[in-house]
Amino acid sequence: MSRIVYVNGSYLPEEEATVSIFDRAFLMADGVYEVTSVLGGKLIDFAGHMARLERSLNALGMNKPEAFDELLDIHRELVTRNDIDEGMIYLQVSRGAAGDRDFVFPDPEVVKPTLVLFTQSKPGLADNPTAKTGIKVISIDDIRWGRRDIKTVQLLYPSMGKMMAKDAGADDAWLVEDGKVTEGTSNNAYIVKDGRIITRELSTDILHGITRAAVLRFAREAQMTVEERSFTVDEAQQADEAFVTSASTFVMPVVALDGAPIGDGTVGPVATRLREIYIEESIKAGV
Ligand code: PDD
């Protein structure tokens, strides 16, 4: 059975779903997206993802798609129709298809945004064995644009970063600007030193992770100390632990950076505990 996807008001088998070749996401990367995870058939942090979607749309002066108020229903319908127990829902809004290629934005009264959603089933997302062994990262220059707080579909450099990591025998890359780590290619980055959790402060330099917000809240509730500030690669290599967070990996321990083990090179207690709390609390609060 093929996957059922959503395109501009219709639920369709994936082979029948189409978008115009003039769509501005295709021609100009003029689109924004969200990834919401599903655990036990429930949407995790849904309200947070939709709030950030709205912020991304506003930042780019993009209209909300007509179905905006129904986004929860659409997410749920896709979970049901595709029988998703664990996995992700990808949502993308673009500025639409102007029927030509033009750098100038089309008239929003005439050209409607394109709304696409699809599911990715990932059984074992919560019980991911990689969380027990951790991942290895390399550091690379952060040469992305200056509005990383907007979740745009311009993902070429993050993709290149993942390939650089792969070629170096690692799992992912941390991006470094002015000597400080900004974030991972598709996640927020953290270190732990003497029991303190350190992660870069929010600004236009990084994506304001929805998982980040929840994890920091849970950490503070558990009386852990959180420091929101930037850190260097060197500081990370001297840390006791490191980890990343995202909607698709939750809390994922990092055990090496540029070939140097972090701590004793194994998964540490803080990352492990935060992962447990995040998954437990998120399932409880899922919608
Ligand atoms: N990526 N930073 C970047 C650059 C990201 O692309 C992501 C998410 C995050 C974490 O944000 P959140 O916790 O809201 O998922 C941080 C998604 C998962 C992706 O592109 O697949």
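Since we're looking at a predicted model, the values are computed, not measured.

1. Remarks on the overall build of the protein chain
- Across its full length, the protein chain holds eight helices and 15 strands.
- By the compact-globule yardstick of 19 Å for 287 residues, the protein chain fits well, its C-alpha radius of gyration being 19 Å.
- Once the C-alpha set of the protein chain is aligned to its principal axes, its extents read approximately 55 × 40 × 35 Å.
- Looking at the protein chain as a whole, 49% of its 287 residues are labelled buried.
- Within the protein chain, residue pairs in contact and separated by at least 24 positions form 71% of the contacts whose partners lie at least 6 positions apart.
- As displayed, the protein chain offers around 13,400 Å² of accessible surface, 52% of which is attributable to carbon and sulfur atoms.
- In the protein chain, the 31 positive side-chain charges and the 45 negative ones have mean positions that sit 2 Å from each other.

2. Here's the deal with a nonpolar patch on the surface
- On the surface, Ile21, Phe22, Phe26 and Leu27 cluster together to form a nonpolar patch covering roughly 400 Å² of accessible area.
- Within the fold, Phe26 resides in helix H1 (residues 24-28).

3. Overview of the pattern of salt bridges
- Under the counting rule described, the total for this entry stands at 22 salt bridges.
- In this structure, Arg52 engages Glu34 in a salt bridge whose closest nitrogen and oxygen atoms are separated by 2.7 Å. With Arg52 in helix H2 (residues 46-59) and Glu34 in strand E3 (residues 31-39), the pair connects residues that are 18 residues apart, well separated along the chain. Each member of the pair, Arg52 as well as Glu34, carries the same accessibility label: buried.
- Ionic pairing is found between Glu227 and Arg196, a salt bridge with its closest N-O pair at 2.7 Å. With Glu227 in strand E12 (residues 225-228) and Arg196 in strand E11 (residues 196-199), the pair connects residues that are 31 residues apart, well separated along the chain.
- Overall, the relative accessible area of 22% leaves Glu227 in the partly exposed class.

4. Digging into the pairing of strand E1 (residues 4-7)
- Here E1 shows a buried face lined by Ile4 and Tyr6 and a second buried face lined by Val5 and Val7.
- Sheet topology note: the E1/strand E2 (residues 10-13) ladder contains four bridges and is antiparallel. Paired with Ile4 across the two strands is Pro13, which belongs to E2.
- Here E1 folds back onto E2, and the loop between the two strands holds two residues, one of which, Asn8, carries a positive phi near 45°.
- Sheet analysis places E1 next to strand E6 (residues 114-121), joined by two bridges and oriented antiparallel. Counted as the bridge partner of Tyr6 is Leu117 from E6.

5. Describing the packing of aromatic side chains
- Evaluation of the coordinates by the stated rule reveals seven aromatic pairs.
- An aromatic cluster is built from Tyr33, Tyr90 and Phe118, whose rings are joined through pairwise contacts.
- One residue, Arg81, lies across the ring of Tyr11, its end atom 4.4 Å from the ring centre.
- Above the face of the Phe218 ring, Arg217 is positioned so that its terminal group lies 5.1 Å from the ring centre.

6. Things to note about the domain arrangement of the protein chain
- Each domain of the protein chain was delimited in the assignment, giving domain 1 (4-121) and domain 2 (130-285).
- Each of domain 1 and domain 2 has a C-alpha centre, and these two points are 26 Å apart.
- Domain 1 puts 20 residues into the contact, and the matching count from domain 2 is 20 residues.
- Both faces combined, the contact of domain 1 with domain 2 buries some 1,700 Å², and carbon together with sulfur accounts for 69% of it.

7. Quick notes on the environment of Leu257
- Position of Leu257 among the secondary structure elements: in strand E14 (residues 250-257).
- C-alpha of Leu257 to C-alpha of Asp172: the two residues are 85 residues apart in sequence and 9.7 Å apart in space.
- Ignoring any residue separated from it by four or fewer positions in sequence, one finds Leu257 in contact with Val137, Ile138, Ser139, Trp174, Val233, Ala236, Gln237 and Ile262.

Definitions and cut-offs
- Position labels on residues start from 1 in each chain and follow its written sequence.
- The model is predicted, so local features are restricted to residues of pLDDT at least 70 and side-chain atom pairs to those at 80 or more, both for listing and for counting; the totals for chains, interfaces and linings are taken over all residues.
- Side-chain measures here rest on the full set of heavy atoms in the structure, leaving out hydrogens and waters.
- Note on conventions: DSSP H or I runs of at least 4 residues are helices, E runs of at least 2 residues are strands, and numbering of each starts at the N terminus.
- In this treatment the radius of gyration is a C-alpha quantity, and the globule benchmark scales as 2.2 Å times the residue count to the 0.38 power.
- Think of it in three bands: residues with accessible area under 20% of the maximum for their type are buried, residues over 50% are exposed, and the middle band is partly exposed, with areas taken using a 1.4 Å probe on protein chains only.
- Residues are treated as being in contact if the distance between any of their heavy atoms lies within 4.5 Å.
- Accessible areas in this description were obtained via Shrake-Rupley with a 1.4 Å probe; residue shielding takes into account the shown protein chains only.
- By the counting scheme adopted, Arg and Lys are positive, Glu and Asp are negative, and His together with the chain ends is not counted.
- All charge positions are set by atom: Lys at NZ, Arg at CZ, Asp at CG, Glu at CD.
- To count toward a patch, a residue needs a relative accessible area over 30% and no salt bridge; like charges are then connected within 9 Å, while nonpolar side chains (Val, Leu, Ile, Met, Phe, Trp, Tyr) are connected within 5 Å.
- Salt bridges are counted wherever a side-chain nitrogen of Lys or Arg sits within 4 Å of a carboxyl oxygen of Asp or Glu.
- By this definition, two strands are paired if DSSP reports at least two bridges between them.
- Any two of the Phe, Tyr and Trp rings considered here, Trp counted by its six-membered ring, make a pair once their centres fall within 6.5 Å; the pair's planes then place it as stacked at under 30 degrees, edge-to-face at over 60, or tilted in between.
- In this scheme, the term charge over a ring applies when either NZ of a lysine or CZ of an arginine sits within 6 Å of the ring centre and within 35 degrees of the ring normal.
- The domain boundaries here were taken from an automatic or database domain assignment.
- Note on terms: buried area is the combined drop in 1.4 Å-probe accessible area of two parts once they are placed together, counting the loss on both.

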